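Observations on chain architecture
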Amino acid sequence: MPTGRAPPTPQSRRRHRAERRGPPAARAVLTSLTAVMPALYGLQLALAELWRSYGMEPSAVIGHSLGEIAAAVTAGALDAPTGARIVASRSRLLTTVRGGTMAVVDLPPHDIGRITQDLPTLHVAVYASPEQCVVTGSARDVEALVARVTAGGAFARTMPVPVAGHSPDVDPLLDAFAWELGAVPYGDPVCRRYSTVLDDPRDDDAYDTAYWLANLRRPVRFEQAVRAAARDGHRVFVEVAPHPTQAHPMARTLEAAGAHEALVVPTLRRDTDDAVSFRTGLATLLVHGARVPSARETLHPAGRITDVPSPRWQHRRYWAGEEPQPAPEPEARPATATRLDRLRTLVARVMGFAPDRLDPDVPLTDLGLDSLTAVRIRTAVLGEFGSAPDTGVLLRQGTLRGVAELLDDAHVPPPPPLAHPEEPTHGTPGVLRSFPGGGPHPPLFLAHAAGGSSDVYGRLAARLDGRRPVFGFDRLEHPDDVAGRAAEFARRIRLLRPEGPWLLGGWSYGGVVAQETARLLSREGEVAALVLVDSVLPLPAPPVATPADEARRRFAGFAAYVRTVYGAELDLPYQELGDMDDAGQVDLVLALLEKAVELPPAVPAHQRASYLDLRSGERHTPAPYPGRTLLYRATRPAPHTVRDARYERTDATLGWDAHCPDLTVTDLPGHHLALLDPPAVDTLAAELSRALDPSGPAPTPASMEP
């Protein structure tokens, strides 16, 4: 930014700063900006290094206002002295600003704009969360806004700050700030940066002088940065600060972004023991499955996460003045479980719930049932009872009690006992999903299947426990192509394990992503094996005359499925669909579906994600990968909801021999949708362990049907 001054030398800058420092007594006042801001910057850097000393490396950074300077240093884009110079100049210049007030308001930005049209000095300074902003303006206008918001029943209060930053009030400082900073030396960050300055948080603008002027002047787009991180799959957020001032806005933003399972962890808390606060945060990460090598593996090398048994309530009264009642006798368990009991156990196993958490009269769709899970449940029920209702019964608001009444009591030989009857099936989201367990061998990194998260690998991870850790790569909205997702998968793998050897794999679409990821990582180190679990490369589609014909080929089977399962006609405008891209097509089809059939949100959401992922896989052409490849192939036809002849290949290699010359094919006795559920997953784990660890005993698989 032009300043109209002669370029200063480093010596003149140092002299200029020295003249402004003042006597030592003034520097000791910790309430002044010139003391508070540098102290906060130094503390944030120290806390970041404290986390690193326990093996925690950030996969991404987000900085809030002044905190973006510490975030840049933590990410390796600035060195600490340069950051300190920016903080010192920024804090000193801000002390020269007079006037202006700030207030926190629990209203979204559009509502604030609607009620402040007659208050011209007001500006949004911080987009904190979907329903909270910080505004700045003249004292009169800010007080008027607070009064209006409070009168309307919402929360608003002025903030005890000495200067109104991120507003026109700082415009007079910008020339002087640019002159003092001069050319700011910077580099590329070593991890992802989500900017709270730029309109698009993912933009990679340089950390140059212009950026730090914008950081002082522009509003803080904190909500937008957190949303972007959540959309990219980040689920563990650590606030590196002396007090968690941003924990609540962050949690509200993550909830609004659909990241309900996200974890927000503070580092320190005001007026508490700092050591206890930090260790509490560290313990929180540990119990949620975060990999902290210098904590868990060093302090408790044999330890692993496990589910603690739930309390067994005795239902005894202990009212004052009453004699304690004797404990009731436990109810005798029936010698033979009822149909409902057996069904509840099966459904709980597939959906990842404890059986006693499933209300038999609640529709399964209210618990998140989608079409894929319905097929898996039907397969399990068929194996247990010898008969099973159609998946449409489950998807049309079916309950456990209603389904149990449709089942036969025909005797079916009981399956062998499960090797892992109480196994956890969900990992902990993070940079990569972390599954409980571990082992001495290199970790296995598994990519998500079409439309789902990687928690589907929970049972396989439980069976590999004691041999190797297992991590999952969850679905991202963006990037949405195989190459982009593979590049991000590879980046996250190297954050957790910078050096090989690595094992990569995936089921279905996940295998396509894993193959491209293995190809990328093989340039950087050793990929010990690529594991493809019934990943099918589709055959070429037959030629069609018009785009409308192609749309008909894609969606006519789905319309027939809706007619069969829901009894509703789906009249699709194929001519209009032919002119749309993939996202436009599926959005229109699902909009028509929701008009025709009342569905819980999970069903169309899964259908949309699955369709877009499959189309992503169909557009991708695998590049040659010479490394060792293990293909585990289903040998029974799958009860897919919609059949596609392109995926019903009869060749043993499922198309992979053209791209992976070092290919070993192993048949699994089961169909595509059952390979990650018992008993097929037992055989898969045994075969996989035998192939990867030939010197050790393989897990004993459960017996399979002939």
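Only a predicted model underlies this, so the values are computations on that prediction, with no experimental measurement involved.

Quick look at the sheet that holds strand S10 (residues 444-447) now. Adjacent strands of a sheet form backbone hydrogen bonds with each other and so pair up, either parallel or antiparallel. An order of S9-S11-S10-S12-S13-S14-S15 is seen for the seven strands of this open sheet, with the pairing classed as mixed. Looking at which strands have only one partner, the edges of the open sheet turn out to be strand S9 (433-434) and strand S15 (663-671). Both strand S13 (residues 527-533) and strand S14 (residues 629-636) contribute to a ladder of four bridges, which runs parallel. By the bridge assignment, Leu532 is partnered in S14 with Leu631. Of the strands in this sheet, S10, strand S11 (470-473) and strand S12 (502-507) are in contact with helix H19 (residues 482-496), which crosses S11 at around 145°.

This part takes up the environment of Val565. Positionally, Val565 belongs in helix H21 (residues 547-566). Using a relative accessible area of 2% as the deciding quantity, one classes Val565 as buried.

Bringing the side chain of Asn215 into the picture now. Locating Asn215 in the fold gives a position in helix H9 (residues 209-217). On the basis of relative accessibility, which here comes to 3%, the residue Asn215 falls in the buried class. A distance of 3.2 Å separates the side chain of Asn215 from the backbone oxygen of Ser65, its partner in a polar contact. Of the polar contacts made by the side chain of Asn215, one reaches the side chain of Arg90; its length is 3.4 Å. Not counting chain neighbours up to four residues away, the residues in contact with Asn215 comprise Ser65, Glu68, Arg90, His166 and Val197.

Moving on to the nonpolar core. The biggest cluster of nonpolar side chains holds 44 residues, and the ones touching the most others in it are Leu343 and Val562. Contributions of two or more residues to this core are made by helix H14 (339-351), helix H15 (371-385), helix H16 (391-395), helix H17 (400-404), H21, helix H22 (574-578), helix H23 (582-596) and helix H24 (602-619). Examining the composition of this core, we find that eight residues originate from one element, H21, more than from any other. Setting aside residues up to four positions removed in sequence, Val562 forms contacts with Gly567, Ala568, Leu570, Leu593 and Val597. Ala77, Ile86, Val97 and Leu198 belong to the second largest nonpolar core, which has 33 residues in total.

A word on the pairing of S13. Counted residue by residue, S13 has six buried out of seven residues, so it is predominantly covered. Both S12 and S13 contribute to a ladder of six bridges, which runs parallel. Bridge pairing in S13 places Gly505 opposite Val531. At this point the chain moves from S12, through helix H20 (residues 509-521), to the parallel S13, and the crossover so formed is right-handed.

A separate point is helix H12 (residues 274-287). If you check H12, its first and last C-alpha atoms are 20 Å apart, about what 14 residues at 1.5 Å a residue would give, namely 20 Å. Along H12, the positions that sit buried rather than exposed are Ser277, Phe278, Gly281, Leu282 and Leu285. The buried residues of H12 occupy an angular sector of 135° when the element is viewed end-on, so they sit on one face. The exposed residues of H12 that point more than 90 degrees off its buried face are Arg279 and Val287. On its buried face, H12 is in contact with helix H3 (33-53), strand S7 (236-239) and strand S8 (263-266). Capping the start of H12 is the job of one residue whose side-chain oxygen sits 2.9 Å from the backbone nitrogen of Ala275: Asp273. Immediately downstream of H12, the backbone of Gly289 shows phi near 95°, a positive value.

It is worth spelling out the pattern of salt bridges at this point. Pairs can form between side chains of opposite charge once their charged atoms are near each other. In this structure the tally under the stated criterion is 39 salt bridges. A salt bridge links Arg492 to Glu488; the shortest N-O distance between them is 2.8 Å. In this pair, Arg492 and Glu488 both sit in helix H19, four residues apart, roughly one turn of the helix. On the basis of relative accessibility, which here comes to 2%, the residue Arg492 falls in the buried class. Among the residues examined, Glu488 registers a relative accessible area of 9% and is labelled buried. For Asp667, the salt bridge is made with Arg633, and the minimal N-O distance between the two is 3.2 Å.

Our next topic: the packing of helix H8 (residues 174-181) against H9. Interhelical geometry of H8 versus H9 gives an angle of 145° and a closest axis separation of 10 Å. With respect to the hand of their crossing, H8 and H9 are arranged in right-handed fashion. Along the contact surface, H8 presents Leu174, Phe177, Ala178 and Leu181, while H9 presents Thr209, Trp212, Leu213, Leu216 and Arg217. Looking at the contact of H8 with H9 residue by residue, the classes come out as seven nonpolar, one polar and one charged.

Moving on, we come to a negative patch on the surface. Taken together, Asp188, Asp200, Asp203, Asp204 and Asp205 make up a surface patch of like negative charges. Examined against the element boundaries, Asp203 turns out to sit in the loop between strand S6 (192-194) and H9. Given the relative accessible area of 33%, Asp203 is considered partly exposed.

Put simply, His478 and Pro479 share a cis peptide bond, and its omega is -5°. Within the element layout of this structure, Pro479 appears in the loop between S11 and H19. Across the junction of Pro678 and Pro679, the peptide omega takes the value 0°, indicating a cis bond. Its place among the elements puts Pro679 in the loop between S15 and helix H25 (680-692). The phi torsion at Asp271 lies on the positive side, around 60°, for a residue other than glycine. Position of Asp271 among the secondary structure elements: in the loop between S8 and H12. Phi is positive for Leu654, close to 55°, though the residue is something other than glycine. Mapping Leu654 onto the fold places it in the loop between S14 and S15. Residue Leu654 is classed as buried on the basis of its relative accessible area, which comes to 4%.

On to the packing of aromatic side chains. For the coordinates displayed, the defined rule picks out nine aromatic pairs. Where Tyr207 meets Trp212, the ring centres are 5.3 Å apart and the plane angle is 10°; that geometry is what we call stacked. Judged by its relative accessible area of 1%, Trp212 falls in the buried class. Put simply, the rings of Trp51, Tyr54 and Phe278 touch in pairs and so form one group of aromatic residues. Its end group placed over the ring of Tyr127, Arg221 keeps NZ or CZ at 5.7 Å from the ring centre.

In a regular helix each residue adds 1.5 Å, so 13 residues correspond to 18 Å; H20 covers 19 Å between its end C-alpha atoms and thus fits that length. By the criterion of burial, H20 is predominantly enclosed, with 13 of the 13 residues buried.

Rules used in this analysis
- Residue numbers run consecutively from 1 along every chain, following the written order of its sequence.
- Whole-chain, interface and lining totals are the exception, using all residues; otherwise, since this is a predicted model, local features are given only for residues with pLDDT of at least 70 and side-chain atom pairs are given and counted only at 80 or more.
- Side-chain metrics rest on all non-hydrogen atoms present in the structure, leaving aside hydrogens and water.
- Strands were regarded as paired on the criterion that DSSP finds at least two bridges between them.
- Numbering of helices and strands runs from the N terminus; a helix is a DSSP stretch of H or I covering at least four residues, while a strand is a stretch of E covering at least two.
- Contact between two residues is taken to exist if any of their heavy atoms lie within 4.5 Å; hydrogens are not considered.
- Only C-alpha atoms enter the line fits that serve as axes; for helices the fit covers just the stretch in contact. Angles between N-to-C directions range over 0 to 180 degrees.
- Here the term buried applies to any residue with accessible area under 20% of the maximum for its type, exposed to any over 50%, and partly exposed to those in between, with areas from a 1.4 Å probe on protein chains only.
- Two N or O atoms count as a polar contact when they lie within 3.5 Å, although within protein this holds only if one can serve as hydrogen donor and the other as acceptor, and sequence-adjacent residues are included solely when both atoms are side-chain atoms.
- In this description, a nonpolar core means a group of buried Ala, Val, Leu, Ile, Met, Phe, Trp, Tyr and Cys residues linked to one another through side-chain atoms lying within 4.5 Å.
- Crossover handedness is defined by viewing with both strands directed away from the observer: a clockwise path from the first strand over the helix to the second marks the crossover as right-handed.
- Helix span is expected to be 1.5 Å times the residue number reduced by one.
- The arc in question is formed by the directions pointing from the helix axis toward the C-beta atoms.
- The term salt bridge refers to a side-chain nitrogen of Lys or Arg lying within 4 Å of a carboxyl oxygen of Asp or Glu.
- Each helix crossing is assigned a hand: it is left-handed if the near helix lies turned anticlockwise from the far helix by less than a right angle, otherwise right-handed if that turn is clockwise.
- Classes in brief: Ala, Val, Leu, Ile, Met, Phe, Trp, Tyr, Cys and Pro nonpolar; Asp, Glu, Lys and Arg charged; the others, Gly included, polar.
- Note that patches include only residues with greater than 30% relative accessible area and no salt bridge, and the join distances are 9 Å for like charges and 5 Å for nonpolar side chains (Val, Leu, Ile, Met, Phe, Trp, Tyr).
- Only the protein chains shown count as cover for residues, and the accessible areas themselves come from Shrake-Rupley with a 1.4 Å probe.
- Within this scheme the basic residues Lys and Arg register as positive and the acidic residues Asp and Glu register as negative, but His and the chain ends are omitted.
- By convention, charge coordinates are those of NZ in Lys, CZ in Arg, CG in Asp, or CD in Glu.
- Pairing of aromatic rings covers Phe, Tyr and Trp, the last through its six-membered ring, and needs centres within 6.5 Å; plane angles under 30 degrees mean stacked, over 60 mean edge-to-face, and all others mean tilted.
- Should the NZ of a Lys or the CZ of an Arg lie within 6 Å of a ring centre and within 35 degrees of the ring normal, that charge is described as sitting over the ring.

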